[in-house]
Amino acid sequence: MMNLSDDMLLTYSGFFLVTVVVSCLVNGLALKSSAWGPRNKVKKIIRWQSTTKPSVGGISFYILFLISLSVFTMLSGIGEVTENKQLIGLIAASTLAFLVGFADDAYNTIPILKFTMQICCGLILIYSGIYIDLFASPELNYAITMFWIVGITNAMNLLDNMDAISSVVSIFIILSAMLIIYLKNDLSSVYFLLLLGVLSGILGFLYFNWHPSKIYMGDGGSQFLGLFLGAIGILYFWNLPENLNGSSGAIGNVDTSLLAISKKAIVTILVFILPIVDTTTVFINRLSKGTSPFIGGRDHTTHHLFYLGLSDKKVAIIFICISSVSVLLVNVIIRYINPWDYSYLALFSAYILLVFSLLFYTTKISSPEQNDREAQKN
């Protein structure tokens, strides 16, 4: 396992501190731009809070993403960027996601535009070589990749439904990816610097987004984060190296191959457990009621926790705790469980089912209609 040299530790620490300050400054300036992206002026959009606030906080994520890329280019040379097809694809897809999301914040574009953008981003990633590689059939891998990118991008967008929620969940996803990079002895990777930069952007934004928030990330932020984290999920979780912790991996045996796939699936679901659980719960509940799962509403797991009597801050803390446990479990799986077998598959599947069941159950024992007035006052 790689040990951080003093120079590398100093460089990363300095970069992190500077970029957090930059993020705070960008978001502080964004607070003065109340004319940009005030989503609550659109009556058809149902928001958790009734107060109109700037919805441009997500611009700091993209700015820090570009700054990180620029710093890497200066340190490693332009060739390290231009010759990296996967990186070019990630830059192009992330930029497209941010721009379309930002346009939606400014002009309230039609939903089909965002969906078309997500399809295009998935195609860009696949063409650049960023795709889920689980099966012998490329077509099947591409289809799963497309479903994953569209699903996670929308899930992160839907999760942005209460102060700090999407931010804190994204932080733990990034920390999980940075753990994988550390274990791969690849700290000089451009993706580590990009993750560190986006992490700084989120932390600076979170200072203003913690309840009571002064600013929202908007679709520009949630679409960018969903696409960026979805791509990172492919690179470091779905395509998790078999021998990361010294295991020999699959050796041509069907059961072993299925176990290898199940391990990657469990790790990925653990990392993205909250956006997956929340989106799945919303879809199930809305489809059962005959309503569209693609419109905004106050029926997310976060909202139902509030209806049970928890404050916005306590809901965020609960999500922090669940994310922390999930990252800890990912660390245990990767570093200490070797070989992976069906007993571990059952154990961690049970944890995932437990989290889903508890959050889903909260939506059955509380009623948003009875608590709308209280929610509006908060």
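The coordinates are above.
Source: prediction; values computed, not measured.

A. Up close: the packing of helix α5 (residues 111–128) against helix α6 (residues 138–159). Contact geometry of α5 with α6 gives a least axis separation of 9 Å together with a crossing angle of 135°. Taken together, the axis directions place α5 and α6 in an arrangement best described as oblique. Once α5 is placed against α6, the crossing between them reads as right-handed. Mapping the contact onto sequence places Lys114, Phe115, Gln118, Ile119, Gly122, Leu123, Leu125 and Ile126 in α5 and Tyr142, Thr145, Met146, Ile149, Val150, Thr153, Asn154 and Asn157 in α6. Taken together, the residues of the contact of α5 with α6 break down into 9 nonpolar, 6 polar and 1 charged.

B. Region of interest: the nonpolar core. Core analysis: the biggest nonpolar cluster contains 101 residues, and Tyr191, Leu194, Phe224, Phe228 and Leu270 have the highest contact counts within it. With 13 residues, helix α8 (residues 190–209) is the largest single contributor of residues to this core. Apart from residues lying up to four places away in sequence, Phe224 is in contact with Phe61, Tyr62, Phe65, Ser94, Ala97, Phe98, Val198 and Asp219.

C. Summary view of the pattern of salt bridges. For the coordinates displayed, the defined rule picks out 3 salt bridges. Notably, a salt bridge pairs Lys114 with Asp104, separated by 3.7 Å at the nearest N-O pair. One end of the pair, Lys114, is in helix α5; the other, Asp104, is in helix α4 (residues 85–107), and 10 residues separate them in sequence. Comparing Lys114 with Asp104, the two get one shared label, buried. Here Arg286 ties to Asp299 by a salt bridge, and the two come within 2.6 Å at their closest N and O atoms. Here the residue Arg286 occupies a position in helix α11 (residues 273–289), and Asp299 occupies one in the loop between α11 and α12 (301–307), the gap between them amounting to 13 residues. Across this residue pair, the class does not change: Arg286 and Asp299 are buried. What emerges from the salt-bridge pattern is a single network uniting Asp104, Lys114 and Asp219.

D. Summary view of empty space enclosed by the protein. Here the structure, examined in full by the defined rule, presents 2 cavities of 30 Å³ or more. Considered as a void within the structure, the largest cavity measures approximately 40 Å³ in volume. Lining the largest cavity we find Val169, Phe172, Ile173, Leu270, Val271, Ile273, Leu274, Pro275 and Ser323. Of all elements in the fold, only α7 (165–183), α10 (254–271) and α11 reach the threshold of two or more residues within the lining of the largest cavity.

E. Focus on unusual backbone geometry. The peptide bond linking His211 to Pro212 adopts the cis configuration, its omega dihedral lying at -5°. Inspection of the secondary structure assignment puts Pro212 in the loop between α8 and α9 (218–238). Residue Asn338 is joined to Pro339 through a cis peptide bond whose omega torsion reads 5°. Topologically, Pro339 is positioned in the loop between α13 (312–336) and α14 (342–362). Unusually for a residue other than glycine, Asn108 sits at a positive phi of about 55°. Structurally, Asn108 is set in the loop between α4 and α5. Residue Asn108 is classed as partly exposed on the basis of its relative accessible area of 36%.

F. How the structure looks around the packing of aromatic side chains. Enumeration over the complete set of coordinates arrives at 19 aromatic pairs. Look at Tyr131 and Tyr142: their rings are 5.2 Å apart centre to centre, the planes differ by 90°, and that puts the pair in the edge-to-face class. Highlighted residues: Tyr131 in the loop between α5 and α6 and Tyr142 in helix α6, separated in sequence by 11 residues. Cluster of aromatic residues (ring-pair linked, three or more members): Tyr62, Phe65, Phe98, Phe102, Phe224 and Phe228.

The rules behind each value
Residues numbered from 1 in each chain as written. Predicted model: local features only at pLDDT ≥ 70, side-chain atom pairs only at ≥ 80, totals over all residues. Heavy atoms only, no water. Axes fitted to C-alpha atoms, helices over the stretch in contact; angles between N-to-C directions. Helix = DSSP H or I, 4+ residues; strand = E, 2+ residues; numbered from the N terminus. Parallel < 35°, antiparallel > 145°, perpendicular 65-115°, else oblique. Left-handed = near helix turned anticlockwise from the far one by under 90°. Contact = heavy atoms within 4.5 Å. Nonpolar A, V, L, I, M, F, W, Y, C, P; charged D, E, K, R; others polar. Core = buried A, V, L, I, M, F, W, Y, C linked by side-chain atoms within 4.5 Å. Buried < 20%, exposed > 50% of the residue type's maximum accessible area, 1.4 Å probe, protein only. Salt bridge = Lys/Arg side-chain N within 4 Å of Asp/Glu carboxyl O. 1 Å grid on protein atoms, 1.4 Å probe; cavity = no way out; pocket = protein on both sides within 12 Å on 5 of 7 lines; lining within 4 Å. Points joined across faces, edges and corners; volume = space filled by probe spheres on them. Phe/Tyr/Trp six-rings, centres within 6.5 Å; stacked < 30°, edge-to-face > 60°.

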